[in-house]
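# Structural features, examined
In case you want the letters, here they are:
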Amino acid sequence: MSRLSRHGVTSKLVTLLSPHSAGVEAYRLLRTNLRYASVDKPLRSLAVTSALAEEGKSLTAANLAISAAQAGVRTLLVDADLRKPAVHKLFAVPGHTGLTAVLVGLQKMEDAIQPTQVDNLWLLVAGDKPPNPAEILQSESMASLHRRLTGEFDFVVYDCPPVLPAVEAVDIGALADGALVVVRAETTPKDAVQQALSQLAHGHVAMLGAVLNGVRAGSGYGYNYYSYGYGNA
Ligand SMILES: Nc1ncnc2c1ncn2[C@@H]1O[C@H](COP(=O)(O)OP(=O)(O)OP(=O)(O)O)[C@@H](O)[C@H]1O
Ligand SMILES: [Mg+2]
């Protein structure tokens, strides 16, 4: 169970809670570097994924979205992990209605999007778990929602499931401008990362960069370090 701060959000959203920490600087740098990963056209949307479970995708997606919003960019964070949704927990907001309800036509997009305590940041949580997460995210309804979301917001961040145990991240990455791949330092087997990258490439997903998560900084605690350079689109 994550600890809740006095803001209601989980204490792991460093960008919101400790604006001067080293972690926050890392997310700012990540955002800056992402601009270089998409030189020809401004980056409007991306899928945050990883090879395997529990590598730090949701935390990276949330902190990156907060960082963009804090810089004045109208940002939407979408929980596209319908199997293990996390965004509603991180922001301590209701999780029942969200993406799935919009995709099956039970709720309007504008009613499902929730504001947050961060200026310029909105959330579309996952909502109730569907029996067929892959099918629902591969639908024409999802493609059309993506077009509407990118029309409404300047930056759309999708928190996705991992690539190897699920197929959806490839579909979302292909809809979006590309993927950002989180790798848990010293934990994720190299083969798994390679396999995930090859599945993303096979699905024609532009590789925007990688986050090596959990690197020990000089100050002694783990945070995100961004590196880019392989397979830039
Ligand atoms: N840099 C970090 N420092 C400390 N804890 C971290 C860090 N990154 C992730 N964690 C912790 O690891 C766990 C998994 O993180 P997170 O939920 O962001 O990963 P995920 O890849 O989205 O997982 P899942 O595959 O379940 O969706 C959480 O308990 C999170 O708080
Ligand atoms: Mg997650």
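Keep in mind that this is a model prediction, so the values were computed, not measured. (Residues numbered from 1 in each chain as written. Chains lettered and ligands numbered in written order. Predicted model: local features only at pLDDT ≥ 70, side-chain atom pairs only at ≥ 80, totals over all residues.)

## As for the overall build of the protein chain
A tally of helices and strands in the protein chain yields 10 helices and 8 strands. The buried share of the protein chain, taken over its 233 residues, is 49%. In the protein chain, 75% of the contacts between residues at least 6 apart in sequence involve partners at least 24 apart. (Helix = DSSP H or I, 4+ residues; strand = E, 2+ residues; numbered from the N terminus. Buried ≥ 20, exposed ≤ 12 C-beta atoms within 10 Å, placed from the backbone. Contact = placed C-beta atoms within 7 Å.)

## Section: helix α9 (residues 168-175)
For α9, the buried fraction is high: 7 of the 8 residues fall into the buried class. Along α9, the residues classified as buried are Glu168, Ala169, Val170, Asp171, Ile172, Gly173 and Leu175. Next to the buried residues of α9 lie β1 (45-50), α7 (133-137), α8 (140-152), β5 (155-159), β6 (179-184) and α10 (190-202).

## Remarks on the nonpolar core
Membership of the largest hydrophobic core comes to 71 residues, with the highest contact counts inside it found for Ala65, Leu77, Val157 and Tyr158. At 8 residues, the largest contribution of residues to this core is made by helix α3 (residues 57-70). (Core = buried A, V, L, I, M, F, W, Y, C linked by C-beta atoms within 7 Å.)

## Concerning the environment of arginine 44
With respect to the secondary-structure elements, arginine 44 resides in the loop between α2 (22-37) and β1. Sequence separation between arginine 44 and valine 157 is 113 residues, and the spatial gap between their C-alpha atoms is 8.6 Å. Once you skip the residues sitting within four places of it in the chain, arginine 44 turns out to touch Thr150, Asp154, Phe155, Val156 and Asp177.

## Structural notes on the environment of isoleucine 172
Here isoleucine 172 lies in helix α9. The exposure class of isoleucine 172 is buried, given the 27 C-beta atoms found within 10 Å. Taking the C-alpha atoms as reference, isoleucine 172 lies 7.7 Å from tyrosine 158; in sequence the two are 14 residues apart. Dropping the residues within four chain positions of it, isoleucine 172 is found in contact with Ala47, Ala80, Leu137, Tyr158 and Cys160.

## Observations regarding the pairing of strand β2 (residues 75-79)
β2 sits mainly inside the fold: 5 of its 5 residues count as buried. Because side chains alternate across β2, one face comprises the buried residues Thr75, Leu77 and Asp79, and the other comprises Leu76 and Val78, equally buried. Here β2 pairs with strand β4 (residues 121-124) via 4 bridges, running parallel. Bridge pairing in β4 places leucine 77 opposite leucine 123. Pairing between β2 and β5: 5 bridges, direction parallel. When the bridges of β5 are listed, threonine 75 appears paired with phenylalanine 155. (Pairing = 2+ DSSP bridges.)

## Thoughts on the confidence of the model for the protein chain
Taken over all residues, the pLDDT of the protein chain has a mean of 86, while the share at 70 or more is 83%. Counting contacts from residues 218-233, a segment whose pLDDT is below 50, to residues more than four positions away or on other chains yields 40 contacts. (pLDDT = per-residue confidence, 0-100.)

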